[in-house]
Amino acid sequence: MDRETELKKLHFRAWHRGTREADFMIGGFLDRYGASWNEEQIAWFDELLKHDDVDIMAWAIGTQPVPAEFTGEMMNAMQKLDYIETT
C-alpha cells in the first residue's frame, strides 16, 4: 500500500475512536506529525491504534506506564500534548 493511502486509513482510524476526547488526542497527534513520519513511525502508530483509547490516553497523559514497545521518541512527542487545539 502506498504511503498516502496508508496515512488516509490511519487518519480515519485515529479520528473515529468512539469518544471526542480520544479523537482529538489521537487524531490530533496524527494531523500534527503524521506527514513527516517514516515507514517505521507509521508502523508504530498503526500498532498503537490497535489498543483501547483509555490505555492510549493514559499513556499520553502519564497516568499509566507506557508499554516497552511504545516507549521512545514517538510516545515522547505524543506526551507533549502540544497538538491538541484548545479554544
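Up top you'll find the structure we're talking about.
Residues numbered from 1 in each chain as written. Predicted model: local features only at pLDDT ≥ 70, side-chain atom pairs only at ≥ 80, totals over all residues. Heavy atoms only, no water.

Considerations on the environment of Lys 80
Phase 1: Within the secondary structure layout, Lys 80 lies in helix α5 (residues 73-80).
Phase 2: On the basis of relative accessibility, which here comes to 58%, the residue Lys 80 falls in the exposed class.
Phase 3: As for Lys 80 and Phe 29, which are separated by 51 residues in sequence, their C-alpha atoms are 9.9 Å apart. (Helix = DSSP H or I, 4+ residues; strand = E, 2+ residues; numbered from the N terminus. Buried < 20%, exposed > 50% of the residue type's maximum accessible area, 1.4 Å probe, protein only.)

As for the environment of Asp 2
Phase 1: Residue position: Asp 2 is located in the segment before α1 (3-15).
Phase 2: Among the polar contacts listed, one links the side chain of Asp 2 to the backbone nitrogen of Glu 4, at a separation of 3.1 Å. (Polar contact = N/O pair within 3.5 Å; in protein donor to acceptor, adjacent residues only side chain to side chain.)

Section: the packing of helix α2 (residues 20-33) against helix α4 (residues 53-61)
Phase 1: Two elements in contact, α2 and α4, have axes separated by 10 Å at closest approach and are oriented at 55 degrees. Classified by the angle their axes make, α2 and α4 are oblique. The handedness of the crossing between α2 and α4 comes out as left-handed. On α4, the residues that touch Glu 21, Ala 22, Met 25 and Ile 26 of α2 are Asp 53, Ile 56, Met 57, Ala 60 and Ile 61. (Axes fitted to C-alpha atoms, helices over the stretch in contact; angles between N-to-C directions. Parallel < 35°, antiparallel > 145°, perpendicular 65-115°, else oblique. Left-handed = near helix turned anticlockwise from the far one by under 90°. Contact = heavy atoms within 4.5 Å.)

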